[in-house]
Amino acid sequence: MKAALIHQGGGGVEVVNNMSKPTPGPCDAIIKVKAAVVGDLDVLFARGLFPEIISKSNIPAGRVFSGVVESVGVKVREIVVGDDVCGVLPADGSCGGAFSEFVCAPRHCLVKRPSPSSGGDPLSWETSAVVAHVGVAALSALHFKLKVSPGDLMVVTDAASPV
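Residues numbered from 1 in each chain as written. Predicted model: local features only at pLDDT ≥ 70, side-chain atom pairs only at ≥ 80, totals over all residues. Heavy atoms only, no water.

Chemist: Please explain the overall build of the protein chain as it appears in this structure.
Modeler: Scanning the protein chain for helices and strands turns up three helices and eight strands. From first element to last, N terminus to C terminus, the protein chain shows the α and β order β-β-β-α-α-β-β-β-β-β-α. The 163 residues of the protein chain split such that 33% are buried. Accessible surface, the protein chain as shown: approximately 9400 Å² in total, 59% of it carbon and sulfur. (Helix = DSSP H or I, 4+ residues; strand = E, 2+ residues; numbered from the N terminus. Buried < 20%, exposed > 50% of the residue type's maximum accessible area, 1.4 Å probe, protein only. Areas by Shrake-Rupley, 256 points an atom, 1.4 Å probe, with all protein chains shown as cover.)

Structure representation (structure tokens):
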């Protein structure tokens, strides 16, 4: 399969045509990628700004994606083959990259593809991937920075920003 790799130490991205298609572990799913987001980490990695991660070897490019579930591991119950999903992969490249034909993603990194609450057409693949990107950033801020817990009261005063 085709996949993009960020060169060791930064300095660019290369498309490789002969990567092996991933196989799922017991808690993973294989996703046929339909859209991927070029996020801030992708740009920073390609420029060599996280040497503790990219100094080890070439790492797969891309963290955020949307696509269709092709297969699941034996312990995955919440999603099934054929489900439309979106997700965010760990930044260390351990699960492969979203700039590829297929990605192996841990179940906890996936959500079902959002659809409009009005029951209309599903969001586009590209929009679904962006929703995953922004949603994870917002959830990370709430959980890790603000330490919001169940039962806490929040006031949202500005919901127009993407993050």
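Chemist: What am I meant to see in the pairing of strand β7 (residues 102–106) here?
Modeler: Here is the key point about a regular strand: its side chains alternate between the two faces of the sheet. Counting buried residues in β7 gives five out of five residues, a clear majority hidden from the surface. Going residue by residue along β7, you find Phe102, Cys104 and Pro106 tucked away on one face and Val103 and Ala105 tucked away on the opposite face as well. In terms of strand pairing, strand β3 (residues 28–37) meets β7 through five bridges, oriented antiparallel. Bridging across to β7, Ile31 finds its partner in Val103. (Pairing = 2+ DSSP bridges.)

Chemist: Which parts of the structure should I look at to understand the nonpolar core?
Modeler: If you look at the biggest cluster of nonpolar residues, it comprises 14 residues, and the most contacted ones within it are Ile31, Phe65, Ile79 and Leu110. Looking at this core, the element that brings in the most residues is β3, giving three residues. Not counting chain neighbours up to four residues away, the residues in contact with Ile79 comprise Ala29, Val69, Val72, Val85, Arg107, Leu110 and Lys112. Formed by six residues, the second largest nonpolar core is a distinct cluster that contains Val37, Cys86, Val88 and Ala129. (Core = buried A, V, L, I, M, F, W, Y, C linked by side-chain atoms within 4.5 Å. Contact = heavy atoms within 4.5 Å.)

Chemist: Please explain the pairing of strand β6 (residues 84–88) as it appears in this structure.
Modeler: With four of five residues buried, β6 lies mostly within the body of the structure. Where strand β5 (residues 64–72) and β6 come together, five bridges link them in antiparallel fashion. Within β6, the position partnered with Val68 by the bridge is Asp84. Direction of pairing for β6 relative to strand β8 (residues 110–112): antiparallel, over a ladder of three bridges. Counted as the bridge partner of Val85 is Lys112 from β8.

Chemist: What should I look at first to understand the sheet that holds strand β1 (residues 3–6) in this one?
Modeler: Sheet strands associate in pairs through backbone hydrogen bonding, adopting either a parallel or an antiparallel arrangement. Strand order in the open sheet formed by three strands is β2-β1-β4, and the pairing between neighbours is antiparallel. The open sheet is flanked by β2 (13–16) and β4 (59–60), the only strands paired with a single partner. With two bridges connecting them, β1 and β4 associate as antiparallel partners. Bridge pairing links Leu5 to Pro60 in β4.

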